Amino acid sequence: MNNQSADFIPISQPYLTASAQTLVLDCLQTGWISSRGVYVEQFEQAFAALVGCEYAVSVSNGTAALHLALLALGIGPGDEVIVPDLTFAATANAVLHCGATPVLCDVSRSHWTLEIDALKACITANTKAIIPVHLYGNPADMTAINQIAQTHNLALVEDCAESLGARYQGKATGSIGHLGCFSFFANKMITTGEGGMVTTNDAALAEKVRCFRDHGMLPARRYWHEVAGLNYRMTNIQAALGLSQLECFEQFAERRQAIELQYQTELADVPGISFKQVLPQATAVNWLTSLVIDPLLFGATSVQLFAFLQQHQVECRPFFYPLHQQPPYAADAAAFSQSAIVSAQGLSLPTFYTLTQVQISRVCDLIKLAQTTFSSPE
Ligand SMILES: *Cc1c(COP(=O)(O)O)cnc(C)c1O
């Protein structure tokens with residue numbers, strides 16, 4: 001973000017509408033700035049309707065959503081929860097913070113989500129849940145994952161932090177598993193600054209999430225704590241922002257889709273570049289336009305391309321490091337050959353609502369220039 005020139009293109013930028021100002025100002029003027037106030041419930045209801053779920057419980061962030069979902073399921077010490085090796089670390093951190101053990105699973109080379117044979121191999125007598133992550137907005141293979149979960153009587157928690165609006169067999173991600181977890185960080189599909197949501201169709205689970213979110217107090221008996229809960233509530237100000245974002249969600253999602261299409265069209269003839277493959281029964285969203293670069297065909301590595309774009313005032317970002325390579329989750333590399341490759345070769349490009357066609361063309365031209373520059377022998 002430093003040394004920005006006029007033609008600097010950031011990777012992401014929140015888009016705040018005029019109604020955001022109206023609604024947030026209303027919070028300030030009425031004094032309803034904490035987690036009580038009309039917007040919290042309105043946002044939850046509008047969100048539940050969007051995802052097509054019975055219940056939506058707002059929380060302070062996406063990590064809190066995952067933590068609460070696992071607590072509501074009763075996940076604790078001795079339990080194993082399967083998470084993809086390629087994800088944002090919050091997915092696995094939430095498991096660790098329940099005292100349970102995250103079990104890492106390799107991902108598909110082409111789809112970047114849980115690889116089904118690897119998933120089967122992860123299951124033990126202690127497995128209690130699976131957290132499929134719809135990475136970069138790409139729905140995981142929920143039919144196969146559901147089947148495995150049912151066979152072994154496992155809970156399914158969808159990590160939808162990057163997939164608001166994505167669908168699988170017509171159903172919104174977050175409405176397929178037992179619980180869905182969303183994030184509203186500034187760079188996500190919609191934002192509340194910081195914020196998150198847990199969705200479910202199970203009344204008892206929704207009740208537990210609400211209870212754990214609010215110190216473990218029973219709604220019907222204040223200051224009586226049935227469990228040692230947490231304070232993971234969303235504020236009325238955040239919910240006001242969230243409501244204003246939902247009003248424009250369809251436009252946001254459509255624009256992001258068009259952005260990916262333009263990148264794909266302009267980069268179609270560049271050797272060694274591939275985009276995420278989407279299952280035929282799924283409709284992805286474009287959270288961040290992401291590429292995998294085969295260095296042999298492209299003539300440069302994703303790290304070299306990253307530096308080249310950075311030099312030319314285009315901000316991009318590498319994929320997540322595979323969890324098995326990082327200290328809290330260190331595991332033998334042998335089982336994670338695909339996630340290691342996807343991670344090493346991945347690069348995400350500028351993707352946000354106000355990004356212009358001219359800016360996208362500039363990024364694409366730079367990628368083509370990098371390809372010819374790096375691959376032509378001097
Ligand atoms: C952003 C993200 C989270 C965490 O959300 P926060 O709101 O930042 O806590 C969890 N999982 C994935 C896959 C994410 O991208």
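Everything discussed here concerns the structure shown above.
So, here is what we can say about the structure in this document. Being a predicted model, the structure only gives us computed values, none of them experimental.

## Topic: the overall build of the protein chain
Stage number 1. From N to C terminus, the protein chain includes 13 helices and 16 strands.
Stage number 2. In summary, the protein chain has a C-alpha radius of gyration of 21 Å against a globular reference of 21 Å for 378 residues, a match within 12%.
Stage number 3. Seen through its C-alpha atoms, the protein chain measures out along the principal axes to roughly 75 × 55 × 35 Å.
Stage number 4. For the protein chain, the residues scored as buried account for 55% of the 378 residues in total.
Stage number 5. The long-range fraction of contacts in the protein chain, counting pairs at least 24 apart against all pairs at least 6 apart in sequence, stands at 71%.
Stage number 6. For the protein chain, the computed accessible surface area is about 16200 Å², with 55% contributed by carbon and sulfur atoms.

## Focus: the sheet that holds strand S14 (residues 290-293)
Stage number 1. The strand order across the open sheet formed by four strands is S12-S14-S16-S15, and the pairing between neighbours is antiparallel. Each having just a single partner strand, strand S12 (273-275) and strand S15 (317-318) make up the two edges of the open sheet.
Stage number 2. Of the strand pairs in this sheet, S12 and S14 are connected by three bridges, and their pairing is antiparallel. Note that in S14 the partner of Ile273 across the bridge is Ile293.
Stage number 3. Contacting S14, S15 and strand S16 (346-348), helix H11 (residues 302-311) runs over the sheet at an angle of about 25° to S16.

## Examining the site of the ligand
Stage number 1. Of all residues adjacent to the ligand, which total 14 residues, the nearest are Gly62, Thr63, Glu162, Ser183 and Lys188.
Stage number 2. A distance of 2.8 Å is found between a nitrogen atom of the ligand and a side-chain nitrogen or oxygen belonging to Asp159.
Stage number 3. A distance of 2.6 Å separates an oxygen atom of the ligand from a polar side-chain atom of Glu162.
Stage number 4. Protein coverage of the free-state accessible area of the ligand, which is 380 Å², stands at 92%.
Stage number 5. Taken together, the elements giving at least two residues each to the shell around the ligand come down to helix H3 (62-72) and helix H4 (90-96).
Stage number 6. Partitioned by chemical class, the residues of the shell around the ligand number four nonpolar, seven polar and three charged.

## Some remarks on the pattern of salt bridges
Stage number 1. Scanning the model with the defined rule gives six salt bridges in all.
Stage number 2. The partner of Arg233 in a salt bridge is Asp214, and the shortest N-O contact between them spans 2.6 Å. Separated by 19 residues along the polypeptide, Arg233 in the loop between strand S11 (221-225) and helix H8 (236-247) and Asp214 in the loop between helix H7 (203-213) and strand S10 (217-218) bring together distant segments of the chain.
Stage number 3. Residues joined in a network through salt bridges with shared partners are Glu44, Arg210 and Arg213.

## Section: the sheet that holds strand S7 (residues 171-172)
Stage number 1. Ordered in space as S7-S6-S13, the three strands form an open sheet in which the pairing is antiparallel. Among the strands making up the open sheet, the edge pair consists of S7 and strand S13 (282-283).
Stage number 2. Bridge analysis of strand S6 (residues 167-168) against S7 gives two bridges, and the strand direction is antiparallel. Bridging from a neighbouring strand, Tyr168 pairs with Lys171 of S7.

## Some thoughts on the nonpolar core
Stage number 1. If you look at the biggest cluster of nonpolar residues, it comprises 45 residues, and the most contacted ones within it are Phe43, Phe47, Tyr136, Leu164, Phe182, Phe184 and Ile190.
Stage number 2. Elements with a contribution of two residues or more to this core: helix H1 (18-30), helix H2 (38-51), H8 and helix H9 (249-266).
Stage number 3. Per element, the largest residue contribution to this core is six residues, and it comes from H2.
Stage number 4. In terms of nonpolar packing, the next biggest core, distinct from the first, is built from 34 residues, Leu66, Val83, Cys98 and Tyr329 among them.

## Brief notes about H2
Stage number 1. If you check H2, its first and last C-alpha atoms are 20 Å apart, about what 14 residues at 1.5 Å a residue would give, namely 20 Å.
Stage number 2. Within the span of H2, buried status applies to Tyr39, Val40, Phe43, Glu44, Phe47, Ala48 and Val51. Across the axial projection of H2, the buried residues extend over an arc of 165°, all falling on one side. Exposed residues lying more than 90 degrees from the buried face of H2 are Val38, Glu41, Gln45 and Ala49.
Stage number 3. Positive backbone phi, at 75°, marks Gly52, one or two positions downstream of H2.

## Some details on the pairing of strand S2 (residues 80-84)
Stage number 1. For S2, a buried count of five out of five residues is recorded, marking the element as mostly surrounded by other parts of the structure.
Stage number 2. Where burial is concerned, the two faces of S2 agree: the one with Glu80, Ile82 and Pro84 and the one with Val81 and Val83 are both buried.
Stage number 3. With five bridges joining them, S2 and strand S3 (residues 101-105) adopt parallel strand pairing. Of the residues in S3, the one forming a bridge with Val81 is Pro102.
Stage number 4. With H4 bridging S2 and the parallel S3, this β-α-β connection has right-handed handedness.
Stage number 5. As judged from the three bridges shared by S2 and strand S4 (residues 127-130), these two strands associate in the parallel manner. Its bridge partner lying in S4, Glu80 is registered against Thr127.

## Focus on unusual backbone geometry
Stage number 1. In this structure, Trp112 is a non-glycine residue whose phi angle is positive, near 70°.
Stage number 2. Examined against the element boundaries, Trp112 turns out to sit in the loop between S3 and helix H5 (116-122).
Stage number 3. Classification of Trp112 by relative accessible area gives buried; the value is 2%.
Stage number 4. Backbone geometry places Tyr223, a non-glycine residue, at a positive phi of 70°.
Stage number 5. Along the chain, Tyr223 turns up in strand S11.

The rules we used
Residues numbered from 1 in each chain as written. Predicted model: local features only at pLDDT ≥ 70, side-chain atom pairs only at ≥ 80, totals over all residues. Heavy atoms only, no water. Helix = DSSP H or I, 4+ residues; strand = E, 2+ residues; numbered from the N terminus. Rg over C-alpha atoms; globule rule 2.2 N^0.38 Å. Buried < 20%, exposed > 50% of the residue type's maximum accessible area, 1.4 Å probe, protein only. Contact = heavy atoms within 4.5 Å. Areas by Shrake-Rupley, 256 points an atom, 1.4 Å probe, with all protein chains shown as cover. Pairing = 2+ DSSP bridges. Axes fitted to C-alpha atoms, helices over the stretch in contact; angles between N-to-C directions. Near = heavy atom within 4 Å. Polar contact = N/O pair within 3.5 Å; in protein donor to acceptor, adjacent residues only side chain to side chain. Nonpolar A, V, L, I, M, F, W, Y, C, P; charged D, E, K, R; others polar. Salt bridge = Lys/Arg side-chain N within 4 Å of Asp/Glu carboxyl O. Core = buried A, V, L, I, M, F, W, Y, C linked by side-chain atoms within 4.5 Å. Expected span 1.5 Å × (residues − 1). Arc of directions from axis to C-beta. Right-handed = clockwise from strand over helix to strand, strands pointing away.

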